[in-house]
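Listed below are the residues making up each chain.
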Amino acid sequence: NAGVMQNPRHLVRRRGQEARLRCSPMKGHSHVYWYRQLPEEGLKFMVYLQKENIIDESGMPKERFSAEFPKEGPSILRIQQVVRGDSAAYFCASSLSPVLYEQYFGPGTRLTVT
Amino acid sequence: AQTVTQSQPEMSVQEAETVTLSCTYDTSESDYYLFWYKQPPSRQMILVIRQEAYKQQNATENRFSVNFQKAAKSFSLKISDSQLGDAAMYFCAYWSGGSNYKLTFGKGTLLTVNP
């Protein structure tokens with residue numbers, strides 16, 4: 001049973017470009033969470049999605065960031081017009097139900113903005 | 001808002017010795033969950049141990065155990081018989097349960113294991 005998969009593992013973007021981060025949850029999991037880890041910091045919650053619905057986006061910056069979890073395919077975290085401050089590790093987690101003690105994390109995507 | 005504080009940015013331990021990592025948290029909830037996660041250099045987040053606040057008994061997983069002091073809002077992790085593979089960042093995390101869908105993490109403690 002494959003775990004949570006994220007790709008790419010490393011992504012380099014120039015300032016002003018768009019970044020797309022993908023997350024494939026564990027098989028059978030329909031709840032996806034995105035977290036951001038800035039250097040020297042712990043993970044910070046960004047958004048919680050179920051299939052085709054955003055449930056809680058209280059941690060998402062108001063501009064340039066968006067997330068989706070379509071009926072088919074992976075969840076996508078999209079960052080438009082990236083800036084240097086967006087450089088971070090972005091983690092996806094999934095769960096079978098919205099019970100966080102059963103949450104499984106992916107290996108993360110490290111975004112570097114040059 | 002809930003906060004999680006890890007006051008030790010770095011710790012070191014000799015192989016086969018015991019080390020304790022500290023964590024305190026702030027909450028007004030009576031029922032909640034606490035976690036310790038390990039993040040090795042690969043950056044994969046690995047759940048080490050979980051504690052439900054309503055349980056008085058401290059959780060134990062092999063060489064890992066916690067000291068949960070609910071009144072003091074303290075949740076420390078004890079690693080016994082430390083191994084080189086235990087070297088990693090360790091994060092304490094809190095979940096209030098119910099319809100709150102986010103884990104709140106501390107800033108982490110970097111553990112070094114010396115041979």
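Here the structure is a predicted model, which is why all the values come from computation and not from measurement. (Residues numbered from 1 in each chain as written. Chains lettered and ligands numbered in written order. Predicted model: local features only at pLDDT ≥ 70, side-chain atom pairs only at ≥ 80, totals over all residues. Heavy atoms only, no water.)

Draft legend 1. Main features of the overall build of chain A. Scanning chain A from N- to C-terminus turns up 0 helices and 11 strands. Secondary structure elements in chain A, listed N-terminal to C-terminal, are β-β-β-β-β-β-β-β-β-β-β. Here the C-alpha atoms of chain A give a radius of gyration of 13 Å, agreeing with the 13 Å that 2.2 N^0.38 yields for 114 residues. Relative to its 114 residues, chain A shows a buried fraction of 45%. Put simply, 54% of the contacts in chain A that link residues at least 6 apart link residues at least 24 apart. The centroid of the 16 positive side-chain charges in chain A is displaced by 8 Å from the centroid of its 11 negative side-chain charges. (Helix = DSSP H or I, 4+ residues; strand = E, 2+ residues; numbered from the N terminus. Rg over C-alpha atoms; globule rule 2.2 N^0.38 Å. Buried < 20%, exposed > 50% of the residue type's maximum accessible area, 1.4 Å probe, protein only. Contact = heavy atoms within 4.5 Å. Lys, Arg positive; Asp, Glu negative; His and termini not counted. Charge placed at Lys NZ, Arg CZ, Asp CG, Glu CD.)

Draft legend 2. The overall build of chain B, seen in detail. Scanning chain B from terminus to terminus reveals 0 helices and 12 strands. Taken from N to C terminus, the helices and strands of chain B fall in the order β-β-β-β-β-β-β-β-β-β-β-β. What you see for chain B is a C-alpha radius of gyration of 14 Å, in line with the 13 Å of a compact globule of 115 residues. Seen through its principal axes, chain B has C-alpha atoms that stretch 45 × 25 × 20 Å. Within chain B, the proportion of its 115 residues that are buried is 50%. Accessible area of chain B: about 5600 Å², with a carbon and sulfur share of 45%. Separation between the mean location of the 10 positive side-chain charges and that of the 10 negative ones in chain B comes to 6 Å. (Areas by Shrake-Rupley, 256 points an atom, 1.4 Å probe, with all protein chains shown as cover.)

Draft legend 3. The arrangement of the interface of chain A and chain B in detail. Listed per partner, the contact involves 27 residues of chain A and 18 residues of chain B. Around 1900 Å² of area is buried between chain A and chain B when both sides are counted, 58% of it from carbon and sulfur atoms. The largest per-residue losses of area from chain A upon contact with chain B belong to A:Leu100, A:Tyr101 and A:Phe105, which jointly make up 33% of the total buried on that side. Where chain A packs against chain B, one counts 2 salt bridges. Where B:Lys107 meets A:Glu41, a salt bridge forms, and the shortest distance between an N and an O atom there is 3.6 Å. Viewed at the interface, chain B and chain A are joined by 6 residue pairs in polar contact (both at pLDDT 80 or more). Elements with a contribution of two residues or more to the side of chain A that touches chain B: strand E4 (31-37), strand E5 (43-50), strand E6 (53-56), strand E9 (88-95) and strand E11 (109-113) of chain A. Looking at the side of chain A that touches chain B residue by residue, the class counts come to 14 nonpolar, 8 polar and 5 charged. (Buried area = accessible area lost by both parts, 1.4 Å probe. Salt bridge = Lys/Arg side-chain N within 4 Å of Asp/Glu carboxyl O. Polar contact = N/O pair within 3.5 Å; in protein donor to acceptor, adjacent residues only side chain to side chain. Nonpolar A, V, L, I, M, F, W, Y, C, P; charged D, E, K, R; others polar.)

Draft legend 4. Layout of the nonpolar core. In this structure, B:Tyr25, B:Trp36, B:Phe75, B:Leu77 and B:Tyr90 are the most contacted members of the largest nonpolar core, which totals 25 residues. Element by element, the count of residues in this core is highest for strand E10 (residues 88-95) of chain B, at 4 residues. Apart from residues lying up to four places away in sequence, B:Leu77 is in contact with B:Val19, B:Thr20, B:Leu21, B:Trp36, B:Ile49, B:Phe64, B:Ser65, B:Val66 and B:Tyr90. The next biggest cluster of nonpolar side chains, apart from the first, holds 23 residues, and it includes A:Ala19, A:Phe69, A:Leu77 and A:Ala88. (Core = buried A, V, L, I, M, F, W, Y, C linked by side-chain atoms within 4.5 Å.)

Draft legend 5. Broad picture of the sheet that holds strand E3 (residues 19-24) of chain A. Residues and elements named next belong to chain A. One open sheet accounts for 4 strands, arranged E1-E3-E8-E7; its pairing is antiparallel. Only two strands of the sheet have a single partner each, and these edge strands are strand E1 (5-7) and strand E7 (65-68). On average, each strand axis in the sheet is inclined to that of its neighbour by 15 degrees, with strand direction left out of account. As judged from the 5 bridges shared by E3 and strand E8 (residues 75-79), these two strands associate in the antiparallel manner. (Pairing = 2+ DSSP bridges. Axes fitted to C-alpha atoms, helices over the stretch in contact; angles between N-to-C directions.)

Draft legend 6. Just the side chain of A:Gln37, in detail. Position of A:Gln37 among the secondary structure elements: in strand E4. Judged by its relative accessible area of 10%, A:Gln37 falls in the buried class. Within the structure, the side chain of A:Gln37 is placed 3.1 Å from the backbone oxygen of A:Glu41, a separation counted as a polar contact. Of note is the side chain of A:Gln37, whose polar atom sits 3.1 Å from the side chain of B:Gln39.

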